[in-house]
Structures are given as structure tokens and as C-alpha cells.
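One letter stands for each residue in the lines below.
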Amino acid sequence: MPTVALSQEAACSQVTAVETSPPPLPRYEQPPVPAPGYLWSPGYWSWDEDAGDYYWVPGTWVQPPRPGLLWTPGYWGWLAGAYIFHPGYWGERVGFYGGVNYGFGYSGIGYEGGRWDRGQFYYNTAVNNVRNVAIRNVYQKTVVVNETVNNVSYNGGRGGIEARPTAADRTIAKEQHFAPTPLQRKHVEVASHDTRLFNRANGGAPPVVATPRPTVLNGREVVRPHTPAEVGPSNTEKPRPEDLKGARPEDPSRQRLEDSRRPAEAPAPARKSPADEAGKAAPRELERERTLLPEAAPRSPAPEERSAIEHKRREQAPPDERRREEIRVPEARPESAPRSEPRPEPMARPATNPETESRPEGRPAARAARPEPRIEMGAPPRRAPLEGERRPEQH
């Protein structure tokens, strides 16, 4: 590891040593690549000696010093009782960066975000955001992270990542390296002057975690951090939007149409009883059914109630009608057969009067209710002739 650190110091800048460990890496999405030829430089925590605090340097897309170079990100490592920052550098191969999982192709070992081929950089669409960008040099390769993905931002020490450089990493550390570009250095300087990015101000959750271009820390294109419950920082474990087409919600108008069709498509519940159907009816229809129910099935009064009704009707009737009721000869009801009376001689049965038959029960014709004025003793009572009936001649 000291060999790697000395090689990076010679290519970049002097080493920074801090007694406290850097905060965890925030979780975020990668902004779209602005144009072909840009490579991703992941965000990291840097140290401000004057402020005595860590501040966040947002991840961004940068152009290499020349084609064919790849970026090895910097990292914090525990060494000799302090945390030492090893700055990043450009080289033909990606070297050791502490095993820190920065995401987007930087899984802790090497780089799987893309490769150079005949002067053109090809992007791995499995880990890079190249959507809505006219880039044809793409391929897809799944990046598998064997270890548990976490957001630890330093190597060694208490709670740090226990990764060590391999023999290949030591060989890469001896190769020719190039320092960050002037635009990359400017990007770090702009971040150091933004008080929002300091750890004391944001509590480890900076408001800007990534930008599409260096030094751009404001605007709608800057990326905000995720909540702790969301996945990050590596997008290798996140399903791509192309894979979630079936899970995307439908158009709102179409969704409302589908919701309106659901009640018709659902099977109707079994009808249990008329009482259940009456309970589901509208209030007006239910009230109408309750109103029409007594008329459709009238209840026949009991004999006691009928006598009370007759007595009350007689009491409320006019005096003339009441007098007629008192002297009325009781007759048989329409439903009972007529009683046969003795007659002095056989005579033809009179025709039935339609008016008498159509009259309601309890109100017979007034003429039929009048008694015979004279009754001879010793002879059978004579029946009063009905209207239209011929009187027998008296001898």
C-alpha cells in the first residue's frame, strides 16, 4: 500500500492526513452522460484544513486528458494513526482505490463502466446512464459485486473496508499516471466554497451529490441524494427503467377507464332474499315500495273491528240516514245466499238490479230499506215490491 500511495503523490498532490474518519457515501443516481467521450468521476469526501471539516465533492462527467486514459478515483486509507487521502489519477488502467464501492462501474475492484476501442469509448449500459443521449458506442455487461454493498468511504481503521492491493494493483501503481485536469481541480475548488456541502451543515447528506458537468452545482439537472431506505450508491443492483416497462403505471385516462369497467366485469353477488334487495334500493324507491305495499295487499278487518267500524259510521252519519239505518230491515249480505220467504202464490223471480249489486257492503238501496206500512194479522207478511216489479191485483 505505501508504494501505491507514493506513486499517486508523485502524480497528483501532497497527502492529507485527518484524525477523524470521513462520513459515509451518500446514495444517489447518476446523471445522463452529456456527450460521447465523457467518463464518470465518482463523488467523494474531501478535507478543508481551514474549516476543519469534510465537504462533499459531487460526482460528475469529465473528459480525459487524452483518449485511451481511464480514471482511478481517490480514497481515504488508515495509515500510521491517521486517515490519509490518496488522490485520484488518470492512467491506461484503473488501479487500486481502497476497495471502496463508488458505484457506476467502480465496484471496489477495477472498472466495469466502459472500455476504449480504436480511439472510441464504449459505455456499459448496465451501469451508466446513457438514456436520451445519441451514443451508439454501447454494450451491456452485468457487474456482480460479491461482497456486501455498503457506503463506507474509507479503507482500514475501525469500521473501514479490509481490502488490500493485489499484485496487479502494484504493477499499475508503477505505471505512468496523469494528474486531474484543470477542470477537475476547478470543480473541487467550487465545491470547497459551497457551505451547503460541508458535513457540519448537511449532517452527511449534501443537497447536491452529482452534476452532469464539472463546476455546475445549481440548476434542475443537478442530482439530489436518496433517502436511507433507497438503494445506492451502485446502480448495478437497481433495475433499469427498460426492465420495468411492465411495472410502469398506465395512462391516467386509461386507468380511470379500466376502473370504471371493473364493477361490470366482476360477477354479481348471489341474491339472498327480497329483504336484501330492498335494502340495496335507493331511498326513493324504497319509500315508494313501502307506500304501495298497504294498497297492494289490504288487510281484511276482524269481526270485532268490523262491528266497531259500523257503529262509528252510524254515529257519524246524518240524522236522516241514521233513522233509516235504525228502521232498516236486515238483509242478507251479498256473499250469502238469499233466504227464501213464504209467498202466497208462485211468481216469477225479479231481475237483479245492477245498481243494488254494485253498491258496497253496508250501504243497500234506500227504497229497499223502507218497511211495509201495513201488516194484516193472520196473513203472512208481504214483501214490498221492487222497483219495476208488477203489483199483484187484489180481489
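Now for a description of the structure that goes with this document. (Residues numbered from 1 in each chain as written. Predicted model: local features only at pLDDT ≥ 70, side-chain atom pairs only at ≥ 80, totals over all residues. Heavy atoms only, no water.)

1. Focus: the overall build of the chain
Rules: In this text, helices come from DSSP runs of H or I with a minimum length of four residues, and strands from runs of E with a minimum of two, each type numbered from the N-terminal end. Burial classification: accessible surface area is computed with a 1.4 Å probe over protein chains only, and a residue below 20% of its type maximum counts as buried, one above 50% as exposed, and the rest as partly exposed. Surface exposure here means Shrake-Rupley accessible area, sampled with a 1.4 Å probe, where a residue is shielded only by the protein chains that are shown.
Of the regular secondary structure elements, the chain holds eleven helices and 14 strands. Put simply, the chain has 395 residues, and 33% of those count as buried. Counting every atom, the chain has about 26700 Å² of accessible surface; 51% of that belongs to carbon and sulfur.

2. Observations concerning the side chain of His187
The test is simple: Two N or O atoms form a polar contact when they lie within 3.5 Å of each other; inside protein one atom must be a possible hydrogen donor and the other a possible acceptor, and for residues adjacent in sequence the pair counts only when both atoms belong to side chains. Residues count as neighbours in contact if any of their non-hydrogen atoms are within 4.5 Å of one another.
If you trace the backbone, His187 turns up in helix α3 (residues 182-192). At 2.9 Å, the side chain of His187 and the backbone oxygen of Pro58 are in polar contact. If we ignore the near neighbours within four places in the chain, the residues touching His187 are Val57, Pro58, Thr60, Thr211, Pro214, Thr215 and Leu217.

3. Looking at the pairing of strand β7 (residues 75-79)
What counts, and what does not: DSSP bridges decide pairing: two strands pair if at least two such bridges lie between them.
Sheet topology places β7 next to strand β8 (residues 82-86); five bridges connect them, and they run antiparallel. What sits directly across from Tyr75, in β8, is His86.

4. A closer look at the sheet that holds β7
Overall, mixed pairing links the four strands, which are arranged β1-β8-β7-β13 in an open sheet. The sheet is open, and its two borders are formed by β1 (16-18) and β13 (154-155), each paired with just one other strand.

5. A closer look at the nonpolar core
Put simply, the rule reads: In these notes, a set of buried Ala, Val, Leu, Ile, Met, Phe, Trp, Tyr and Cys residues joined through side-chain atoms within 4.5 Å is what counts as a nonpolar core.
Counting 48 residues, the largest nonpolar core has Tyr28, Val33, Trp40, Trp76, Tyr102, Tyr106 and Tyr123 as its most contacted members. At the level of elements, β2 (39-41), β3 (44-48), β4 (53-57), β5 (59-62), β6 (70-72), β7, β8 and β11 (120-124) are the ones that each hand at least two residues to this core. It is β4 that contributes the most residues to this core, four residues altogether.

6. Some points on the pairing of β8
Here β8 lies mainly inside the structure; five of its five residues are buried. Neither face of β8 is left uncovered, since the one carrying Ala82, Ile84 and His86 and the one carrying Tyr83 and Phe85 both have all their residues buried. Sheet analysis places β1 next to β8, joined by three bridges and oriented antiparallel. Opposite Ala17, over in β8, you have Ile84 as the bridge partner.

7. Thoughts on the sheet that holds β5
If you trace the three strands from one edge of the open sheet to the other, you get β2-β5-β14, paired in mixed fashion. Every interior strand has two partners, whereas the edge strands, β2 and β14 (210-211), have only one. With two bridges joining them, β5 and β14 adopt parallel strand pairing. Residue pairing across strands places Gly59 opposite Ala210, the latter belonging to β14.

8. Details of the pattern of salt bridges
Which entries qualify depends on this criterion: One speaks of a salt bridge when a side-chain nitrogen belonging to Lys or Arg is within 4 Å of a carboxyl oxygen belonging to Asp or Glu.
Applying the stated criterion to the full structure yields six salt bridges. Between Arg196 and Asp194 there is a salt bridge; the shortest N-O distance is 2.8 Å. On the basis of relative accessibility, which here comes to 13%, the residue Asp194 falls in the buried class.

Read these as layout, nothing more, since geometry by itself doesn't imply function.
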